[in-house]
Amino acid sequence: MSVLALPLKGYRLTTAEILYHLPDHPDLLQAFIWQEYDLVPRFPVLNRFLRYWEGNLEGRLHSVRVAATGLIVPTDLKYASGQFTLH
């Protein structure tokens, strides 16, 4: 499916911050950023990836933070007040 057709079918760009325990040093955490198109709010693509992680990778999962946004949205302009001087 094309990248432009996905948002029209309900897919949203989804970003997940995955914290996991290092296999050699379980007391330390490391972050992994995952990004893919997924269906909100069930996240079947992310859940498939996390099942793969738990079954095939050594780093035990600690936590997952998820953010999703649509790509086709109206433009939002914000004006900043301030004065900038360039030399």
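Here we summarise the structure given alongside this text. Model, not experiment: these values are computed from the prediction.

Overview of the overall build of the protein
- Along its length, the protein carries 2 helices and 3 strands.
- In the protein, the succession of α and β elements from N to C terminus is α-β-β-α-β.
- For the protein, with 87 residues in total, the buried portion stands at 21%.
- Summarising the internal contacts of the protein: among those between residues at least 6 apart in sequence, 57% fall at separations of at least 24.
- Of the accessible surface of the protein, which amounts to about 7300 Å², a share of 55% is contributed by carbon and sulfur atoms.

A closer look at the pattern of salt bridges
- A complete count under the given rule lists 1 salt bridge for this structure.
- Across the salt bridge formed by R65 and E17, the nearest N and O atoms sit 2.7 Å from each other. With R65 in strand β3 (residues 61-69) and E17 in strand β1 (residues 11-21), this residue pair connects regions lying 48 residues apart in the sequence.

Section: the nonpolar core
- Core analysis: the biggest nonpolar cluster contains 10 residues, these being A16, I18, Y20, W34, F43, V45, L46, L50, W53 and L61.
- Of all the elements in the fold, those that place two or more residues in this core are β1 and α2 (44-56).
- A per-element tally of this core places α2 first, with 4 residues.
- Here Y20 is in contact with L28, L29, Q30, A31, F32, W53, G59, R60, L61 and H62, once residues within four sequence places are set aside.

Some remarks on the packing of aromatic side chains
- By the definition in use, this model includes 5 aromatic pairs.
- Ring geometry for Y20 against W53: centres 5.0 Å apart, planes inclined by 65 degrees, an arrangement best described as edge-to-face. In this pair, Y20 is assigned in strand β1 and W53 in helix α2, connecting sequence segments 33 residues apart. Pair check on accessibility: Y20 and W53 agree, each one buried.
- Aromatic pair F32 and F49: ring centres 6.1 Å apart, planes at 15 degrees, arrangement stacked. Placement of the pair is F32 in strand β2 (residues 29-39) and F49 in helix α2, with a sequence separation of 17 residues.
- Look at F32 and you get partly exposed, because its relative accessible area is 33%.
- Joined through ring pairs, the aromatic side chains of Y20, F32, W34, F49 and W53 make up one cluster.

Observations concerning the sheet that holds β2
- Ordered in space as β2-β1-β3, the 3 strands form an open sheet in which the pairing is antiparallel. The open sheet is flanked by β2 and β3, the only strands paired with a single partner. In this sheet, neighbouring strand axes are inclined to one another by 20 degrees on average, regardless of whether the strands run parallel or antiparallel.
- Relative to β2, β1 runs antiparallel, the two sharing 11 bridges. Bridged to A16 within β2 is W34.

About the thresholds
- Residues numbered from 1 in each chain as written.
- Predicted model: local features only at pLDDT ≥ 70, side-chain atom pairs only at ≥ 80, totals over all residues.
- Heavy atoms only, no water.
- Helix = DSSP H or I, 4+ residues; strand = E, 2+ residues; numbered from the N terminus.
- Buried < 20%, exposed > 50% of the residue type's maximum accessible area, 1.4 Å probe, protein only.
- Contact = heavy atoms within 4.5 Å.
- Areas by Shrake-Rupley, 256 points an atom, 1.4 Å probe, with all protein chains shown as cover.
- Salt bridge = Lys/Arg side-chain N within 4 Å of Asp/Glu carboxyl O.
- Core = buried A, V, L, I, M, F, W, Y, C linked by side-chain atoms within 4.5 Å.
- Phe/Tyr/Trp six-rings, centres within 6.5 Å; stacked < 30°, edge-to-face > 60°.
- Pairing = 2+ DSSP bridges.
- Axes fitted to C-alpha atoms, helices over the stretch in contact; angles between N-to-C directions.

Nothing here speaks to function; it is all geometry.
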